[in-house]
Amino acid sequence: MGTALLYDEEMTRYKLLWLDPDCELERPERLTASHEALVSCGLAARCVSIPVRQATDDDILLIHSEQYLEAVKTTPYMTLEDLREFALQYGDVYFHPNSYHCATLAAGAAVQLVDAVMTGRVRNGLALVRPPGHHSMRSAANGFCVFNNVAIAAKYAQQKYGVQRVLIVDWDIHHGQGVQYAFEDDPSVLYFSWHRYEHQKFWPGLRESDYDNVGKDKGAGFNINVPWNKVGMQNSDYLAVFFHVLLPVAYEFCPDLVLVCAGFDSAIGDPEGEMCATPDIFAHLTHLLMNLAGGKLCLMLEGGYNLTSLSQSVCVTVRTLLGDPAPRPANLQGPCQSALESIQCVRAAHRNSWSCLEHAARAPPSQISTKLEEKEKEKEDKFESGEAADGITWPEPHACVLPPVRTAVLIPEEMACPDGCKRSNLSQHADSLAEKEDFDGDAVPTLSSLTELVGKMEKNEICNALAVVGDVSMAMAPVMQRATALKQRVLGVCVGGTEVPSHLPEDGTLTVHISKEAPEEPRCKHSIPVRLKSGLGDTSGFAQAIFSVLLPLAYEYDPALVLLARLPGAGGLGGGAWQQLVGLLRGLAWGHMLVLVQEGDEALVTPTASSLCGSPAPPLGRLPAPVVEDVEAVERLRVRLQADWMLLRTSAECKMAVSSGTSRSCLLGT
Ligand code: Q9C
Ligand code: ZN
């Protein structure tokens, strides 16, 4: 199951023919630079290349009016003056004699990508296109866009493949108002967009781009706008919105297909966005969407005007689609006050629409922004001149060195080796350590084999591993010890069981224990119990624990190794939810994860191995409301921890505890 790349040089053959400072950003080099970058780092060759065809009139008419289509069709025959006048009736858009042809190719590439993914020819893909699409409306071009490629693709998928629910994630830095208008009363398409807004001062300056525009009639709740009211937003701000807004709602919605308006003007260095998120962040945004809809994920290029930032972002994104491990999400400092204010507003605006947000804080007190203005002044000053983006520099994304082995398995000899995995031989060395520790010598695998796996991960000889062990609880401590001895931060995630395995090393570790019987109160800073009283079978409660607590903690902690242990008593946790957990945790630690499964749970070997290899987890189904008692317990825990862990914050009101930062920095060893 591969990754499709759709690209045709023809789409570079139109450009601005007159002077217009508002349109000069949208240049053919955007496409050539992105494509050349993909070729030169060997990514294009790893993709399934699909030739681009033109969209048909029928495709275009799924979204646009006949009158508008006919008008655009006349542009190839216009004089320069006519083209200019034609463009002038719309906002921030230009036309060239070849614009119409390219616009049909861009929309055509989008529907072809949907075809390739829906027929199973590929798992996911990217359409590298111009003109972009998300600003264009039923009867109007706008913001460099002629036809609404993604909106057309969504309708096409519904019509041709009977797809019921489509999620559109618009991470471009502008509001895709064209997409919003196309689906605002339609509950079958969930549209999410974050965008530079600055209290309506930023283009296109629409009142309806604000957070309180949640959709109309039957579509109420299915339009999610996250306005950025400051420039300079960073990785933490983007991740916080994913964890606390998009992902919980997306999982509750349970899409059959995910489309992305993949604009990279939301990355650092872009002259339009003026944001500070690094290209690496797109690895995580992409990764976090890859376990929705059974992995059916189609990205269409929208904006992105800094050629360096754009090319790097495109490469990181395609690498992730191909299944390579994501870079460490380093230096997450927590969302800024302005981002938190937006998050709080969006969550409040949607609390009646989505049960995962039912317990979100109520609408914030008005005028909160003016009160917070002072704190944010610094950020603003950096960009006062409006030229700041030109001088900005950032480190190049880390080169990804793929380990020779993706997934190693230590499983009973009589079991077949799962597809795509490599059986790891038992340690050749004498098991002296095991004997000393009184580890059951007959248990398969032996302790030293496990610690050897950790060593191999540390040396990047293997990416991740799965082991079936006689006693998961007993195996954890020595594995964690071995990793911390290598001066590596370890995140332990235990599911099931009654107690956190004892004798876990504390220095350089953080353990999160999710179970029915986890203690209500944390015993120490290094061990965080998440208690789901109604059991792990409550998938909604489990999902809430994952998105609102586990993932934010894990990303902020930024471990070098994840140890995922499935303790006895995790039986209630269905295979699908378990696979989601495995899949999502792959985004940490360059994918370095050791999964321990108890003897007797062999049925989990195949699905776990498949998730470790990067296969998408099966969808969880439409999630019902979680059990109130559990939601409240998870929410209490989140609130208790948010003083130390900034990515857990969901509102601007959060008063920072006096101790803020201290315990966290001791955990992080800084
Ligand atoms: N000073 C896309 O990113 N305004 N469109 C330009 C320049 C229009 C952006 C103003 C921006 C359109 C797809
Ligand atoms: Zn844009």
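To be clear, the structure that these remarks concern was listed above.
A brief structural summary.

How each quantity is defined
Residues numbered from 1 in each chain as written. Chains lettered and ligands numbered in written order. Predicted model: local features only at pLDDT ≥ 70, side-chain atom pairs only at ≥ 80, totals over all residues. Heavy atoms only, no water. Core = buried A, V, L, I, M, F, W, Y, C linked by side-chain atoms within 4.5 Å. Buried < 20%, exposed > 50% of the residue type's maximum accessible area, 1.4 Å probe, protein only. Domains from an automatic or database assignment. Contact = heavy atoms within 4.5 Å. Salt bridge = Lys/Arg side-chain N within 4 Å of Asp/Glu carboxyl O. Helix = DSSP H or I, 4+ residues; strand = E, 2+ residues; numbered from the N terminus. 1 Å grid on protein atoms, 1.4 Å probe; cavity = no way out; pocket = protein on both sides within 12 Å on 5 of 7 lines; lining within 4 Å. Points joined across faces, edges and corners; volume = space filled by probe spheres on them. Nonpolar A, V, L, I, M, F, W, Y, C, P; charged D, E, K, R; others polar. Donors = N, O, S within 2.8 Å, 3.2 Å for Na, K, Ca; no water.

## Here we look at the nonpolar core
Phase 1 of the analysis: Formed by 187 residues in total, the largest nonpolar core has its most connected members in Ile168, Trp171 and Leu259.
Phase 2 of the analysis: Each of domain 1 (3–377) and domain 2 (405–667) gives at least three residues to this core.
Phase 3 of the analysis: Beyond its immediate chain neighbours, meaning those up to four positions away, Trp171 contacts Trp194, Val260, Cys261, Ala262, Gly263, Phe264, Ser266, Phe282, Leu285, Thr286, Leu289 and Leu299.
Phase 4 of the analysis: Grouped together as the second largest cluster of nonpolar side chains are 28 residues, Ala465, Val479, Ala565 and Leu567 included.

## Description of the pattern of salt bridges
Where charged atoms from two side chains of opposite charge approach closely, those side chains can pair.
Phase 1 of the analysis: For the coordinates displayed, the defined rule picks out 21 salt bridges.
Phase 2 of the analysis: Salt-bridge contacts for Asp558 lead to Arg489; the nearest nitrogen and oxygen are separated by 3.8 Å. Linking Asp558 in the loop between helix 18 (539–557) and strand 15 (561–566) with Arg489 in the loop between helix 17 (472–485) and strand 12 (490–495), this pair joins segments that are 69 residues apart in sequence.
Phase 3 of the analysis: Taking the shortest distance from any N to any O, the salt bridge between Lys533 and Glu629 comes out at 3.4 Å. Of this pair, Lys533 sits in the loop between strand 14 (527–531) and helix 18 while Glu629 sits in helix 21 (residues 628–641), and the two are 96 residues apart along the sequence.
Phase 4 of the analysis: Connected via shared salt-bridge partners are Glu9, Glu10 and Arg13.

## Examining empty space enclosed by the protein
Phase 1 of the analysis: If you walk through the whole model with that rule in mind, you get nine cavities of 30 Å³ or more.
Phase 2 of the analysis: Computed from the structure, the largest cavity encloses a volume of approximately 160 Å³.
Phase 3 of the analysis: Within the residue set of the lining of the largest cavity, elements represented by two or more residues are helix 9 (235–253), helix 18 and helix 21.
Phase 4 of the analysis: Residue composition of the lining of the largest cavity, by class: seven nonpolar, five polar and three charged.

## Looking at the coordination of the zinc ion (ligand 2)
Ideal values for angles at a metal depend on the geometry: 109.5 degrees with four tetrahedral donors, 90 or 180 degrees with six octahedral donors.
Phase 1 of the analysis: For the zinc ion (ligand 2), the protein coordination sphere consists of Asp172 (OD), Asp172 (OD), His174 (ND1) and Asp265 (OD), at 2.0 to 2.6 Å.
Phase 2 of the analysis: One chain supplies every donor for the zinc ion (ligand 2), spaced along it as D-x1-H-x90-D. With Asp172 in the loop between strand 4 (166–170) and helix 8 (177–183) and Asp265 in the loop between strand 7 (257–262) and helix 10 (281–289), this residue pair connects regions lying 93 residues apart in the sequence. Asp265 shares its class with Asp172; the two are buried.

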